[in-house]
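Descriptive structure summary
Here are the chains, one letter per residue:
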Amino acid sequence: QVQLVESGGGLVQPGGSLRLSCAASGFTFSNYAMRWYRQALGKERELVATINSGGSVTTYADSMKGRFTISRDNAKNTVYLQMNSLKPDDTAVYYCNARGFYYPDSGREYWGQGTQVTVSS
């Protein structure tokens, strides 16, 4: 069974930090690019960051650049999102996403259940 299990969310004060984790199982993790999305209450889902299958190429939305860092450990089948200098506008449910690029995984996509991040004083 394919699973993406997220953890690390919680309540943090503005300026604080959190590290989100997404543990993958049931598929060949090293064949998948990984992405973090977020969705604030009443708003559309937003792409936060991406990392390629080998972990060498990352991208970020402009509002997260310099504050967030995506990384992965293929030996542990886990992708991370380190979030620093958090702002109230970062409050959202954060979702882990996997997208396959190599045969037979090309075109496949999986989602985690999401983890709540709340930034408030």
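One can find the structure itself at the top, above this paragraph.
Residues numbered from 1 in each chain as written. Predicted model: local features only at pLDDT ≥ 70, side-chain atom pairs only at ≥ 80, totals over all residues. Heavy atoms only, no water.

Let's talk about the pairing of strand S4 (residues 32–39)
Counted only if it meets this: Each residue is assigned to one of three classes by its accessible area relative to the maximum for its type, calculated with a 1.4 Å probe on protein chains only: buried under 20%, partly exposed between the two thresholds, exposed over 50%. For helices the rule is a DSSP run of H or I covering at least 4 residues; for strands it is a run of E covering at least 2, with both sets numbered from the N terminus onward. At least two bridges found by DSSP between two strands is the condition for calling them paired.
Most of S4 is tucked away, with seven of its eight residues classed as buried. Judged from the eight bridges that link them, S4 and strand S9 (residues 92–100) form a sheet pairing that is antiparallel. For Arg 35, the partnering residue across the bridge sits in S9 and is Asn 97. Summarising the sheet, S4 and strand S5 (residues 46–51) pair through five bridges and their orientation is antiparallel. Along S5, the bridge assignment pairs Tyr 37 with Leu 47. The turn linking S4 back onto S5 is made up of six residues, and Gly 42 within it adopts a positive phi angle of 80°.

Remarks on the sheet that holds strand S3 (residues 18–25)
Put simply, the rule reads: To obtain each axis, a line is fitted to C-alpha atoms, and for helices this fit is confined to the stretch in contact; angles are then taken between N-to-C directions over 0 to 180 degrees.
With antiparallel pairing, four strands are arranged side by side in an open sheet as S1-S3-S8-S7. Every other strand in the sheet has two partners, leaving strand S1 (3–7) and strand S7 (68–73) as the edge strands with one partner each. Averaged over all pairs of adjacent strands, the angle between their axes in this sheet comes to 15°, without regard to strand direction. Inspection of the sheet shows S3 paired to strand S8 (residues 78–83) by six bridges, in the antiparallel sense. Bridge pairing in S8 places Arg 19 opposite Gln 82.

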